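As a plain string of letters, each chain reads:
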Amino acid sequence: MRIAAFLPEILRHLFKKPATVDYPFVKLEVPKDFRGTPFLHPELCIVCRACIRDCPAEAIDILTVNEAEKKFKMVIHNDRCIHCAQCVESCPTTPKALEMDHLFETAAFSRWDLKKEWEYAKAQVKPKAAAGAPPPAEAKS
Amino acid sequence: MAILKTLLYILVYPGLIFLFVYSTFCEWFDRKIYARLQNRMGPTHTGRWGILQPVADFIKLLAKEDIVPDLADKRLFTALPVFGIAAVSTAMLLLPVWHYDLSQPSPNSFSGDIIVLLYILTLPTLVFFLAAWSSTSFFSTIGGSRVLTMLFGYEVPLFLAVLSPAIMAGSWRLAEIAAFFQHRPLLILPNLIGFIVSVICLQAKLERTPFDIPHAETEIVGGTFTEYSGKKLALFRLMTDIEMVVGSGLIATVFLGGFPGGIILGFVYFVVKTLFVIFLLTLIRALTSRIRIDQVISFSWRYLAPLAVLQLLVTIVLKGFVR
Amino acid sequence: MKFTVPIGPQHPALKEPISLRMTLEGEVIRGVDIRLGYNHRGLEKLAEEKTWLQNIYVTERICGICSHSHATCYTQGVEKLMEVEPPKRGISLRFLVAELERVHSHLLWLGVAGHEAGFDTFFMYTWRDREVVMDILEMISGNRVHYAINTLGGVRRDIDELQKKKILDSLGILRRRSEYYFKIGASEPSFVARIAGVGPLSKADALALCAVGPTARASDIPQDVRKDDPYGVYAEVPFEVATATTCDVLGRVVVRVKELMQSYNIIEFLLKNLPDGPVAVRAPRRAKPNEVVSRYEAPRGENIHYIKSNGSDKPERLKVRAPTLANYPATVVMLKDGYIADIPLIFAAIDPCICCAERTVALVDGRSGQESVVLMSELRRKARERWKKAPPKKDAVWPF
């Protein structure tokens, strides 16, 4: 039991730089595998709807714009997204049509500002389901 | 002319405006050093180095809604913060600041004013107890009873420790005590035990860690201040800050030799010496954790009071040799 | 003269809402009445509406601090149901993250204990060092809380050599700081005066009231699921069960710091002996009708998940027994004859994770205050009637 056991340590801290990061004037880097918000590469999507099936928060919707020309519209509801990246994992194409970016400052004034949309035509690529040589990705847009 | 001078004295320096400015500066100093000791930043963005943060807090509290509980004693509840500020500001008038020293004493200085100062400094504790009592909420009542229980612990060692330099100087007048130690600076050293005891007791009077039991946040939600909000809470916090300035000014006068040298030099001495005492108070605050109320009483009567008596004995023995 | 004081549901000492009605006599506590249910979210019902894969994320969000323990406990059980054996590298990575979570949880707890005692400097220092662990976890899994590194059949991400080296370097820093905190926490006189002799729980009481985790281990009961019923990688990893004999809050602090040091050893062992190979195997979509009980040693104690399947792609029933629920009866005994000033410390010493433990036990009618216990079958009947009248929801439909 020593009186003032902490004293040398806290006096030393008077001369050290503070450990606080002065956000938002100084920003910290995020690591390369950080899970931000999901976004789509429209030219790779084959509309298999695996992402919709596996999303725990029902945050992805694919609507049919034109049945004959195979035009679809994907809406990602970022206000419902829980940033788990399960959609990225479930996507069967190579390279993956869905990807996570590094954005985390996604505050908005209204939830309708957080929906992202893409209109595209379905890509003519075979789904990559098992290990093996990847087929060449021929995307027609 | 004399009336104008008195008004200047009461309102500007060392009166209300000076106290407001200086006590918010001292609160900033305390918070910044506390944060740096904990490897954090402290107030940074309000004004340069965050100096205006306590003023910003005060103004913010003034603008908030002021709620008086239904069961509370309304007149007592409302009058207490004002009474507290009046008490501590009056205490400030007795310290030998401005350019008064022994050759031209201030009109407030008289023989025995150290006793009056210590008495007036007891009034804030009574104000805290009455504030808790008039709030009639359960948490305030426990806080109020703890305030009084702590008073039994630290008051006696504080009085004994502060009065021993007075005995050595042979006078009960603050200006004379300060002048005595200015002429014989080496005699500050035998008073070291008393200095340490009085700094610890001042920490208890100000209700800061390790003695912040009366308004322990994690146990009783706010203790004395649970039901206070808005302007009244702003005045209570200002009162605590002014009490810190007055308490450290008293210790600086009695132990560290006062504030000699005229208007400018005296003011500089005042700032430097009070900031030194406040630095020690912040160090104690960062170093320890809160102790229980029964442990406060046993600590003060087992360690602080005997040390203060020891200091008194040392003073009496030395006085025989000095005279 | 006795009077009743409510601590909570809103109180600065509690991080989450819970109601403790204390019966006091002066400053001494004579009795406690614990009321739960303020944080109930209906997660067990939600789990019946989501597929096996989606439920990993549901169970992960039962709690923030022990999120990986719930997700792993669930995933272990479902892998048993589906008869899927994850590869060795996947299991090692899964429990590497589990031990890192134990480190972060215990550092958090040390800070909270310091804050409840008024020792704010200690609080700031331990949380500053916890940032090192959070940064490692962000590097491995992509997020600081809710790591989501489990999947049915293994883990989702792999670690490379650079990440391994970074983790080993940070371990050195963490080990030095943890030893320093142990020394300080045990020798700072005001802190020790607050926690020694406070909240006593004798060994017989702890056994009778089924206390779990560090609360039981501080009363000299060497009970640890990792040793009693080894799961995953713990049969091969050498470590010791940390116990203390003082049976009070100081004992619980000592047990948690000892567990911290053991976790550092386990992490180093796992990193140095990481086997090669894939990190996950394919898991089927449906599970055969069966039931399984999965146990896991969370940072707070023993976590039990009961999962029942009926052949479809959604669970029939998921029941969660969090460790804090088992420690509540022990808290009542610990608080008796204590002081008011000790309430936050005693309650914080069981490391309460109240949101983990919110599974309704008794129903109280809001208007009349009547308490009743409702049968599970009765609840299901009422819920089924209500859902029949609700609009149809989107179901997961198979295209293949």
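Computed from a predicted model, the values in this text were never measured in an experiment. (Residues numbered from 1 in each chain as written. Chains lettered and ligands numbered in written order. Predicted model: local features only at pLDDT ≥ 70, side-chain atom pairs only at ≥ 80, totals over all residues.)

**Regarding the overall build of chain C**
Here is step 1 of the chain: Helix and strand content of chain C: 14 helices and 10 strands.
Here is step 2 of the chain: A compact globule built from 400 residues should have a C-alpha radius of gyration of about 21 Å, and chain C, at 22 Å, falls within 12% of that.
Here is step 3 of the chain: Oriented by its inertia axes, the alpha-carbon framework of chain C measures out at about 70 × 60 × 35 Å.
Here is step 4 of the chain: Here chain C, with 400 residues, has 47% of them falling under the buried criterion.
Here is step 5 of the chain: In chain C, the share of contacts with a sequence separation of at least 24, taken over all contacts with a separation of at least 6, comes to 69%. (Helix = DSSP H or I, 4+ residues; strand = E, 2+ residues; numbered from the N terminus. Rg over C-alpha atoms; globule rule 2.2 N^0.38 Å. Buried ≥ 20, exposed ≤ 12 C-beta atoms within 10 Å, placed from the backbone. Contact = placed C-beta atoms within 7 Å.)

**Considerations on the overall build of chain A**
Here is step 1 of the chain: Per the secondary structure count, chain A includes three helices and five strands.
Here is step 2 of the chain: Element order for chain A, N to C, with α for helix and β for strand: α-β-α-β-β-α-β-β.
Here is step 3 of the chain: Split into buried and exposed, the 141 residues of chain A put 18% on the buried side.

**Thoughts on the interface of chain C and chain B**
Here is step 1 of the chain: Contacts between chain C and chain B engage 22 residues on the former and 22 residues on the latter.
Here is step 2 of the chain: The set of elements that each furnish at least two residues to the side of chain C that touches chain B consists of helix H4 (88-117), helix H5 (120-141), helix H7 (189-195) and helix H13 (343-349) of chain C.
Here is step 3 of the chain: Looking at the side of chain C that touches chain B, its residues break down into 13 nonpolar, six polar and three charged. (Nonpolar A, V, L, I, M, F, W, Y, C, P; charged D, E, K, R; others polar.)

**Things to note about the nonpolar core**
Here is step 1 of the chain: Residues Cys-201 of chain B together with Ile-346 and Cys-353 of chain C are the most contacted members of the largest nonpolar core, which totals 201 residues.
Here is step 2 of the chain: In this structure, Phe-6 of chain A together with Ala-35, Leu-37 and Ala-286 of chain B belong to the second largest nonpolar core, which totals seven residues. (Core = buried A, V, L, I, M, F, W, Y, C linked by C-beta atoms within 7 Å.)

**Re the interface of chain B and chain A**
Here is step 1 of the chain: Taken together, the seven residues of chain B in the interface contact 11 residues of chain A.
Here is step 2 of the chain: Looking at the side of chain B that touches chain A, the elements with two or more residues in it are helix H2 (16-37) and helix H11 (262-287) of chain B.
Here is step 3 of the chain: Here the residues of the side of chain B that touches chain A sort into four nonpolar, one polar and two charged.

**Description of the environment of Met-334 of chain C**
Residues and elements named next belong to chain C.
Here is step 1 of the chain: Structurally, Met-334 is set in helix H12 (residues 323-335).
Here is step 2 of the chain: Sequence separation between Met-334 and Phe-347 is 13 residues, and the spatial gap between their C-alpha atoms is 8.9 Å.
Here is step 3 of the chain: Here Met-334 is in contact with Gly-199, Pro-200, Leu-201 and Ile-346, once residues within four sequence places are set aside.

**Observations regarding the confidence of the model for chain A**
Close inspection of predicted coordinates is inappropriate for parts of the model with low pLDDT.
Here is step 1 of the chain: On average, chain A scores 83 in pLDDT, and the residues at 70 or more come to 87%.
Here is step 2 of the chain: In this model residues 130-141 of chain A is a low-confidence stretch, pLDDT under 50, and it forms 16 contacts with partners more than four residues away in sequence or in other chains. (pLDDT = per-residue confidence, 0-100.)

**Considering the sheet that holds strand E1 (residues 2-7) of chain C**
Residues and elements named next belong to chain C.
Here is step 1 of the chain: On the basis of which strands lie adjacent, the open sheet formed by three strands has the order E1-E2-E3 and antiparallel pairing. The open sheet has two free edges, formed respectively by E1 and strand E3 (28-35), since each of these has just one partner strand. Across the sheet, the axes of successive neighbouring strands diverge by a mean angle of 25°, strand direction being ignored.
Here is step 2 of the chain: Inspection of the sheet shows E1 paired to strand E2 (residues 19-25) by six bridges, in the antiparallel sense. Paired with Lys-2 across the two strands is Glu-25, which belongs to E2. (Pairing = 2+ DSSP bridges. Axes fitted to C-alpha atoms, helices over the stretch in contact; angles between N-to-C directions.)

**Observations concerning the sheet that holds strand E6 (residues 290-298) of chain C**
Either a parallel or an antiparallel arrangement is found when strands of a sheet pair, and the pairing is made through backbone hydrogen bonds.
Residue and element names in this part refer to chain C.
Here is step 1 of the chain: Spatially, three strands are ordered E6-E7-E8 in an open sheet, and the strand pairing comes out antiparallel. Looking at which strands have only one partner, the edges of the open sheet turn out to be E6 and strand E8 (315-321). In this sheet, adjacent strand axes meet at a mean angle of 15° when their direction is disregarded.
Here is step 2 of the chain: Bridge analysis of strand E7 (residues 301-309) against E8 gives six bridges, and the strand direction is antiparallel. When the sheet's bridge partners are listed, His-305 is paired in E8 with Val-320.
Here is step 3 of the chain: On the sheet, H12 packs against E6, E7 and E8 and is oriented at approximately 130° with respect to E7.

**Some thoughts on the packing of H5 of chain C against helix H6 (residues 161-187) of chain C**
All names here are of chain C.
Here is step 1 of the chain: At their nearest, the axes of H5 and H6 sit 10 Å apart, and the two run at 165° to each other. When the axis of H5 is compared with that of H6, the two are roughly antiparallel. Note on packing geometry: the crossing formed by H5 with H6 is left-handed. Between H5, through Thr-126, Asp-129, Val-132, Ile-136, Met-139 and Ile-140, and H6, the contact on the second element is made entirely by Gln-163, Lys-166, Ile-167, Ser-170, Ile-173, Leu-174, Arg-177 and Tyr-181.
Here is step 2 of the chain: Its residues assigned to classes, the contact of H5 with H6 shows eight nonpolar, three polar and three charged. (Parallel < 35°, antiparallel > 145°, perpendicular 65-115°, else oblique. Left-handed = near helix turned anticlockwise from the far one by under 90°.)

**A look at helix H10 (residues 230-256) of chain B**
Residues and elements named next belong to chain B.
Here is step 1 of the chain: The end-to-end C-alpha distance of H10 is 38 Å, a good match for the 39 Å that 27 residues give at a rise of 1.5 Å each.
Here is step 2 of the chain: Counting buried positions over the 27 residues of H10 gives 22, a clear majority of the element.
Here is step 3 of the chain: In the segment just after H10, Gly-257 is the residue with positive phi, at about 95°. (Expected span 1.5 Å × (residues − 1).)

**Focus: the pairing of E2 of chain C**
All names here are of chain C.
Here is step 1 of the chain: Two elements, E2 and E3, share seven bridges in a ladder whose sense is antiparallel. Paired with Leu-20 across the strands is Ile-34, a residue of E3.
Here is step 2 of the chain: Linking two consecutive strands that pair antiparallel, namely E2 and E3, is a turn of two residues; a positive phi of about 75° is found at Gly-26 within it.

**Observations concerning the environment of Lys-64 of chain B**
Residue and element names in this part refer to chain B.
Here is step 1 of the chain: Locating Lys-64 in the fold gives a position in the loop between helix H3 (53-62) and helix H4 (74-92).
Here is step 2 of the chain: For Lys-64, a count of 12 C-beta atoms within 10 Å gives the class exposed.
Here is step 3 of the chain: Each C-alpha atom, one on Lys-64 and one on Lys-231, is 7.4 Å from the other, the two residues being 167 residues apart in sequence.
Here is step 4 of the chain: Those residues in contact with Lys-64 that lie beyond four places of it in its chain are Ser-229 and Gly-230.

**Describing the confidence of the model for chain C**
All names here are of chain C.
Here is step 1 of the chain: In the predicted model, chain C carries a mean pLDDT of 87, and 95% of its residues have values of at least 70.
Here is step 2 of the chain: Confidence drops under a pLDDT of 50 for residues 396-400, and excluding neighbours within four residues, the segment shows three contacts in the predicted structure.
Here is step 3 of the chain: Both scores are given for the predicted complex: the pTM is 0.88, the ipTM 0.87.

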